[in-house]
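Structure at a glance
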Amino acid sequence: MVKKSRSGESVYTTSCAGCHSIGVAGAPKSNNKSDWAPRLKRGMDDLVKVAISGKGAMPPKGTCDTCSADELRAAIEHMTK
Ligand code: HEC
């Protein structure tokens, strides 16, 4: 059976909102254009890569160990809208 992938909103709410909703430890805040604009310039592929490996206080896969790259991408798209 094919595992149904979770929506970006669901991954975001479960794994990312804790830090990204209020900007814990300098995390870019969800849906804050000025926090995300310089990062989005590097391209979504690069952001997905960094999200998988982690960076500074950003834990690998944003603590969602079971997330696929596609699920992480959907979560990033959700918080950069
Ligand atoms: C424990 C807190 C924490 C959690 C949980 C967390 N993040 Fe982050 N995130 C950070 C911090 C802090 C940064 C800023 C890192 C930096 O620029 O040094 C960051 C940065 C990022 C960036 C930008 C990376 C870059 O190259 O500028 C992306 C994309 C990201 N997080 C995605 C996610 C996703 C997706 C999730 C959930 C699956 C998540 N994060 C969960 C703390 C967190």
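Refer to the preceding data block for the structure.
1. Points about the coordination of the iron atom of the ligand
All of the protein donors around the iron atom of the ligand are His 20 (NE2) and Met 58 (SD); their distances to the metal are 2.0 to 2.1 Å. Given six donor atoms and angles of 87 to 180° at the metal, the environment of the iron atom of the ligand is assigned as octahedral. Here Met 58 lies in the loop between helix H3 (44-53) and helix H4 (69-80) and His 20 lies in helix H1 (residues 8-20), a separation of 38 residues in the sequence. Met 58 sits in the partly exposed class, given a relative accessible area of 25%.

2. A few points about the packing of H1 against H4
Contact geometry for H1 and H4: axes closest at 8 Å, N-to-C directions at 65°. Relative to H4, the element H1 lies roughly perpendicular. Two packed elements cross with a definite hand, and for H1 against H4 that hand is right-handed. Between H1 and H4, the contacting residues are Gly 8, Glu 9, Val 11, Tyr 12, Cys 16 and His 20 on the first element and Glu 71, Ala 74, Ala 75, His 78 and Met 79 on the second. Its residues assigned to classes, the contact of H1 with H4 comprises six nonpolar, three polar and two charged.

3. Thoughts on the nonpolar core
Ranked by internal contacts, the top residues of the largest apolar core, which has 15 residues, are Val 11, Tyr 12, Cys 16, Cys 67, Ala 75, Ile 76 and Met 79. At the level of elements, H1, H3 and H4 are the ones that each hand at least two residues to this core. If we skip the residues at most four places from it in the chain, Tyr 12 touches Ala 17, His 20, Ser 21, Ser 30, Ala 75, His 78 and Met 79.

4. Considerations on the site of the ligand
What surrounds the ligand is a group of 23 residues, the closest being Cys 16, Cys 19, His 20, Arg 42 and Met 58. Elements with a contribution of two residues or more to the shell around the ligand: H1, helix H2 (33-40), H3 and H4. Top contributing element to the shell around the ligand by residue count: H1, with four residues. Here the shell around the ligand is composed, by residue class, of 15 nonpolar, four polar and four charged.

5. Some words on the pattern of salt bridges
Taken as a whole and judged by the stated rule, the model has four salt bridges. Here Glu 71 and Arg 6 are joined by a salt bridge, their closest N and O atoms 3.0 Å apart. Within this pair, whereas Glu 71 is found in helix H4, its partner Arg 6 is found in the segment before H1, the two being separated by 65 residues in sequence. Residue class for Glu 71 comes out buried when judged on its relative accessible area of 1%.

The rules we used
- Here, residues in each chain are numbered from 1, in the same order as that chain's written sequence.
- A pLDDT threshold of at least 70 governs which residues receive local features in this predicted model, and a stricter bar of 80 or more applies before side-chain atom pairs are shown or counted, although totals over entire chains, interfaces and linings include all residues.
- For side-chain calculations, the full set of non-hydrogen atoms in the structure is used, while hydrogens and water are omitted.
- Each metal site is built from N, O and S donor atoms within 2.8 Å (3.2 Å for Na, K and Ca), and since water is not included, such sites may look incomplete.
- Only two sets of limits are used to name each site, 85 to 135 degrees for every angle of a tetrahedral four-donor site, and over 155 degrees for opposite donors with all other angles from 65 to 115 for a square planar four-donor or octahedral six-donor site, with any other site named irregular.
- Runs of E in the DSSP output that reach at least two residues are strands. Runs of H or I that reach at least four are helices, and both are numbered from the N terminus.
- Any residue under 20% of the maximum accessible area for its type is buried, any over 50% is exposed, and the rest in between are partly exposed; the area is computed with a 1.4 Å probe on protein chains only.
- With axes taken as lines fitted to C-alpha atoms, and helix axes fitted only over the stretch in contact, angles between N-to-C directions fall between 0 and 180 degrees.
- For classification purposes, angles smaller than 35 degrees are called roughly parallel, those larger than 145 roughly antiparallel, those between 65 and 115 roughly perpendicular, and all remaining angles oblique.
- Note: crossing handedness is left-handed where the near helix turns anticlockwise from the far helix by less than a right angle, and right-handed where it turns clockwise.
- Between two residues, a contact is recorded if the distance between any of their heavy atoms is within 4.5 Å.
- For this scheme, ten residues count as nonpolar: Ala, Val, Leu, Ile, Met, Phe, Trp, Tyr, Cys and Pro. Four count as charged, namely Asp, Glu, Lys and Arg, and the remainder, Gly too, count as polar.
- Think of a nonpolar core as a cluster: buried Ala, Val, Leu, Ile, Met, Phe, Trp, Tyr and Cys residues, connected wherever their side-chain atoms sit within 4.5 Å.
- We call a residue near a molecule or strand whenever a single non-hydrogen atom of that residue lies within 4 Å of it.
- Any carboxyl oxygen of Asp or Glu within 4 Å of a side-chain nitrogen of Lys or Arg constitutes a salt bridge here.

Honestly, it's all geometry; don't read function into it.
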